[in-house]
Amino acid sequence: MAEAFPKIKTIRYEGADSRNPLSFKHYNPDELVEGKSMRDHLRFASCFWHTMRGRGGEIFGMPTAVRPWDDFQESVETSIRRIDVFFELLEKLQIDYYCFHDRDVAPEGRTLNESNKILDRITKVLAKAQKNSGKKLLWGTACLFQHPRFMHGAATSPNLDAFVYAAAQVKKALEVTHELGGEGYVFWGGREGYFTLLNTDMKRELDHLGAFMHMAVDYKKKIGFKGPFYIEPKPKEPTKHQYDSDAATCLNFLRQYDLLDHFKLNIETNHAQIAQHTMQHDLETAIASNALGSIDANMGDWQLGWDTDQFPTDLYITAHVMLCVLKMGGFKTGGLNFDAKVRRESFEPDDLFHAHIAGMDTFARGLKIAARIRQDGRIADFLRQRYASWESDLGKKIEQGKSSFEELEPIALKMGEVKTNRSGRQEYLESLFNEFI
Ligand code: XLS
Ligand code: NI
Ligand code: NI
């Protein structure tokens, strides 16, 4: 097939002084940071849904995207062409990983059986493209939210038929992900939630979701899929309230249904933001339970309340994200998946390159900023100092769960007033952080 982007050659690192918009100014794949290549730290992925299927349409306006290779039909031929174009893009951008939903890569057939057969054909095409290019599947997932059959949810639908259909679809998506060597598998609860509690038995729906996940775990073991499952939190959209609202809610669900051994979280920046958290908050929440698996790297707009899925260009966010990732010792099976779409006004094919380059360079800088902050050590020292009183024998005893109210009361009575509080120095720390930006 002729190239889809004949004028664009492989994007290369040219350094911060380069004026070539189609170059990396900061992402230098083989450059070492803390002894590991940037490529291995960042593990970039592009997503098939936004990159290849996004057309810039919204409720007020028609699609704007110009995609000369695409006739926008749900056909196998078009699907195959899209895969060719996608892998050309991955290669030219030096992105090592990708992610997909079953239905973004392959059209639905008239029956589930036919859909499965089409997906099998497409899986062969993907396998070949992976082999030829060395690109890898970061994770796969099933689309359980687009088709009208899932109008009331999938695993949490009040309609058993929908649950059964969803189970069969996830079974197949798991097989395909496994066949393609996927490093993980994502559950994003597309319509697992509600619009009104007047028609919803919440407890029952959550029990069903728990049962669904246990079946998925059983099946994963059966086929020998070793990668982790990830739950991707999101508070709303498309439903008013999604059951997987945020990291803490997901962890509670996983603990309650005894699933935590098999799941980690895939945290998306924009989702954390519309949950009224910072990305850092949800990452820290996941890390505290040893459950940060992967990241959907994008960002929202603080003036808008919805999931705008913008390419990440905010250095503060990427620096904080990479501080978290370095702190947990790096990704294992996860990575930075650009679950991001070009704006409706950025309609030209080249914008796909500009957008990914922007995200990759912003994360490369975030990584370098984070590494410099760690090397400098002043913020870590401050934190250590702030908790220094806990290094005492009494502090250690409490942390080990070996103290009691009865032990502490006489100490408090003798101590009198709490004397040794120190300033939290927020403004100083924010300004110190700025030194590295
Ligand atoms: C939607 C989600 C979705 C998941 C994959 O908001 O981000 O794209 O990442 O199903
Ligand atoms: Ni999103
Ligand atoms: Ni996502």
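Up top you'll find the structure we're talking about.
Caption draft 1: Layout of the pattern of salt bridges. Considering all chains together, one arrives at 24 salt bridges under this definition. Measuring nitrogen to oxygen at the nearest pair gives 4.0 Å for the salt bridge that ties aspartate 96 to lysine 135. Here lysine 135 lies in the loop between α5 (112–133) and β5 (136–141) and aspartate 96 lies in the loop between α3 (76–93) and β4 (97–101), a separation of 39 residues in the sequence. Overall, aspartate 96 belongs to the buried group, its relative accessible area being 17%.

Caption draft 2: Just the coordination of the nickel ion (ligand 3), in detail. The protein atoms that coordinate the nickel ion (ligand 3) are Glu232 (OE), Glu268 (OE), Asp296 (OD) and Asp339 (OD), at distances spanning 2.0 to 2.1 Å. Classification of the site at the nickel ion (ligand 3) as octahedral follows from its six donor atoms and the range of 79 to 176° in their angles at the metal. Each donor residue of the nickel ion (ligand 3) lies on one chain, and together they are spaced E-x35-E-x27-D-x42-D. Between the nickel ion (ligand 3) and the nickel ion (ligand 2), a spacing of 4.6 Å is present, and a bridge between the two is formed by glutamate 268. Separated by 28 residues along the polypeptide, glutamate 268 in strand β10 (residues 263–268) and aspartate 296 in strand β11 (residues 292–296) bring together distant segments of the chain.

Caption draft 3: Inspection of the coordination of the nickel ion (ligand 2) at higher detail. Within the protein, the nickel ion (ligand 2) binds to Glu268 (OE), His271 (NE2), Asp307 (OD), Asp307 (OD) and Asp309 (OD); these donor distances fall in the range 1.8 to 2.6 Å. For the nickel ion (ligand 2), the donor residues sit on a single chain with the sequence spacing E-x2-H-x35-D-x1-D.

Caption draft 4: Structural view of the packing of aromatic side chains. Throughout the structure, instances matching the rule amount to 23 aromatic pairs. An angle of 90° between the planes, with centres 6.1 Å apart, marks the rings of phenylalanine 86 and phenylalanine 87 as edge-to-face. Judged by its relative accessible area of 0%, phenylalanine 86 is buried. What links up through ring pairs into an aromatic cluster is the set Phe24, Tyr27, Phe44, Phe311 and Phe338. Above the ring of phenylalanine 72, the side-chain terminus of arginine 55 is found at 3.7 Å from the ring centroid. One residue, lysine 220, lies across the ring of phenylalanine 229, its end atom 4.7 Å from the ring centre.

Caption draft 5: Structural view of the site of ligand 1. Close to ligand 1 lie Trp49, His101, Trp139, Trp188, Glu232, Lys234, Glu268, His271, Asp296, Asp307 and Asp339. Here an oxygen atom of ligand 1 sits 3.3 Å away from a polar atom, N or O, in the side chain of tryptophan 49. Aspartate 339 has a polar side-chain atom sitting 2.7 Å from an oxygen atom of ligand 1. Taking 290 Å² as the accessible area of ligand 1 by itself, protein coverage stands at 94%. Tallied by class, the residues present in the shell around ligand 1 amount to three nonpolar, two polar and six charged.

Caption draft 6: Quick look at unusual backbone geometry. Look at the link from glutamate 237 to proline 238: it is a cis peptide, with omega at 5°. The topology assignment puts proline 238 in the loop between β8 (229–232) and β9 (241–242). Position of glutamate 237 relative to the elements: it lies in the loop between β8 and β9. Given the relative accessible area of 27%, glutamate 237 is considered partly exposed. Even without glycine at this site, aspartate 309 takes up a positive phi of about 50°. Position of aspartate 309 relative to the elements: it lies in the loop between β11 and α11 (315–327).

Definitions and limits used
- Residues numbered from 1 in each chain as written.
- Chains lettered and ligands numbered in written order.
- Predicted model: local features only at pLDDT ≥ 70, side-chain atom pairs only at ≥ 80, totals over all residues.
- Heavy atoms only, no water.
- Salt bridge = Lys/Arg side-chain N within 4 Å of Asp/Glu carboxyl O.
- Helix = DSSP H or I, 4+ residues; strand = E, 2+ residues; numbered from the N terminus.
- Buried < 20%, exposed > 50% of the residue type's maximum accessible area, 1.4 Å probe, protein only.
- Donors = N, O, S within 2.8 Å, 3.2 Å for Na, K, Ca; no water.
- Tetrahedral: all angles 85-135°; square planar, octahedral: opposite > 155°, others 65-115°.
- Phe/Tyr/Trp six-rings, centres within 6.5 Å; stacked < 30°, edge-to-face > 60°.
- Lys NZ or Arg CZ within 6 Å of the ring centre and 35° of its normal.
- Near = heavy atom within 4 Å.
- Polar contact = N/O pair within 3.5 Å; in protein donor to acceptor, adjacent residues only side chain to side chain.
- Areas by Shrake-Rupley, 256 points an atom, 1.4 Å probe, with all protein chains shown as cover.
- Nonpolar A, V, L, I, M, F, W, Y, C, P; charged D, E, K, R; others polar.

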